[in-house]
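The chain contents come next:
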Amino acid sequence: MLCLGIETSCDETALALVREGKLVTQCLASQEELHAVFGGVVPEMASREHLRIMPQLLEQLLKRGRVELQDLQLVAVARGPGLLGSILVGLGLAKGLAFSLGIPLIGVDHLLAHLLAPGLEQELDFPLLGLLVSGGHTQIYRLDSPFSYQILGRTLDDAAGEAFDKSAKLLNLTYPGGRHIDQLAVLGHPQPGLFPAPYVDNDNLNFSFSGLKTAVANFVRNNPGLRQKQMDLEPDIKQMACKVPELADVCAAFNQSVVKVLQIKVHRALQRMPDVRGLVVAGGVAANSSLRRCMQSLADEQGLELYLPDKDLCTDNGAMIAYTGELYVQNGYEHGLDLEAVPRGKDIPWDFIVREKNR
Ligand code: KG4
Ligand code: ZN
């Protein structure tokens, strides 16, 4: 089955072709530069940019995949959670194609797609524990199969990626600042106890990162020399760390606090579920080098398989949408043309049309 995947839930316009669980090709247009000056995604600009770039991106994808529009057998689209206006652009294209080509349509949960993305690279052995860490979400899942899963914990305020981006903004690093903090942290030495590991002295699997952001804000206020004078789109990280070594140290301490919280909660969840066979870590923050190392040692220690997608598959992409959509349709799930978009903060409804398997 040749499946087109469409992803427009935030600030990446991404398309991919997947056939029988394998990536054929993909295209991505990032809006990072557009939003960087505002220090965050401007929703209306994001929707308009998706709409502007989509036709040329689709043309590019078909050319790269050496296929015609008529060769598509299925359209999968990220239906949320995300920015409503942005998702509607993807849904509009998906519905138009499904209707005009007379092929099935499937709406994909963007978060579930992040968790299943490693399936593009290796077979997933369920049940799995999933840590989803992105710009908008931080959640722990138990996944019994791609079609049966539950959320065990979620953030009560900021997401992990949001904490990275907001702290980066306080240091006047370009949005999205997660990767800049990561690169600076690698060059720094964390001062123990500089920042708290918030919301771990309890027995639940939820998160709270807003206190950590406040701690960074207070620290930067008392140490104004840490704030970069000029915001560069592609900053020279090494030069920055050489000029102000304390900046790298602060980033290292912050990064360590986030990773420590994630480590404690994932370890706690694993203790409660001795039957899980593997650990999936997904979403943009899964690209963080310190988190990757930490989750590898945790999985090794627990004798678990670690599924950590390639860095390109961690951030938003069309391949994970196409992969998840194809998997669902092959197992009898589909949506009608009345498929609805789901905004951030709302749970994705289980509203599939269920048909016979392996149609
Ligand atoms: O999954 P994603 O691409 O988009 C959402 O669905 O939110 O995640 C984006 C988030 C941003 O907050 C970005 O700063 C963060 O992932 N991120 C990182 C790294 N690379 C991306 N955070 C920490 N370290 C990184 N290397
Ligand atoms: Zn995402």
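Now for a description of the structure that goes with this document.

**Re the packing of helix H5 (residues 160-170) against helix H7 (residues 210-222)**
Running from amino to carboxyl end, H5 crosses H7 at an angle of 10°, the nearest separation of the two axes being 10 Å. Accordingly, the angle class assigned to the pair H5 and H7 is roughly parallel. Residue-level inspection shows Lys166, Ser167 and Leu170 of H5 in contact with H7, the latter providing Lys213, Val216, Ala217 and Val220. Along the lines of polarity and charge, the residues of the contact of H5 with H7 split into 4 nonpolar, 1 polar and 2 charged.

**Looking at the site of ligand 1**
Close to ligand 1 lie 19 residues; Gly135, Asp165, Asp182, Gly284 and Asn288 are nearest. Note that an oxygen atom of ligand 1 is positioned 3.0 Å from one of the backbone N or O atoms of glycine 284. With respect to ligand 1, the backbone of aspartate 316 contributes an N or O atom lying 3.1 Å from an oxygen atom. In isolation ligand 1 exposes 550 Å². Once the protein is present, 89% of that is buried. When residues of the shell around ligand 1 are traced back to their parent elements, those giving at least two are helix H4 (110-116), H5 and helix H6 (178-187).

**Description of the environment of arginine 64**
Examined against the element boundaries, arginine 64 turns out to sit in helix H2 (residues 43-65). The exposure class assigned to arginine 64 is partly exposed, which follows from its relative accessible area of 46%. Remark: the alpha-carbon pair of arginine 64 and glutamine 26, spanning 38 residues in sequence, is separated by 8.1 Å.

Criteria and thresholds
- Residues numbered from 1 in each chain as written.
- Chains lettered and ligands numbered in written order.
- Predicted model: local features only at pLDDT ≥ 70, side-chain atom pairs only at ≥ 80, totals over all residues.
- Heavy atoms only, no water.
- Axes fitted to C-alpha atoms, helices over the stretch in contact; angles between N-to-C directions.
- Helix = DSSP H or I, 4+ residues; strand = E, 2+ residues; numbered from the N terminus.
- Parallel < 35°, antiparallel > 145°, perpendicular 65-115°, else oblique.
- Contact = heavy atoms within 4.5 Å.
- Nonpolar A, V, L, I, M, F, W, Y, C, P; charged D, E, K, R; others polar.
- Near = heavy atom within 4 Å.
- Polar contact = N/O pair within 3.5 Å; in protein donor to acceptor, adjacent residues only side chain to side chain.
- Areas by Shrake-Rupley, 256 points an atom, 1.4 Å probe, with all protein chains shown as cover.
- Buried < 20%, exposed > 50% of the residue type's maximum accessible area, 1.4 Å probe, protein only.

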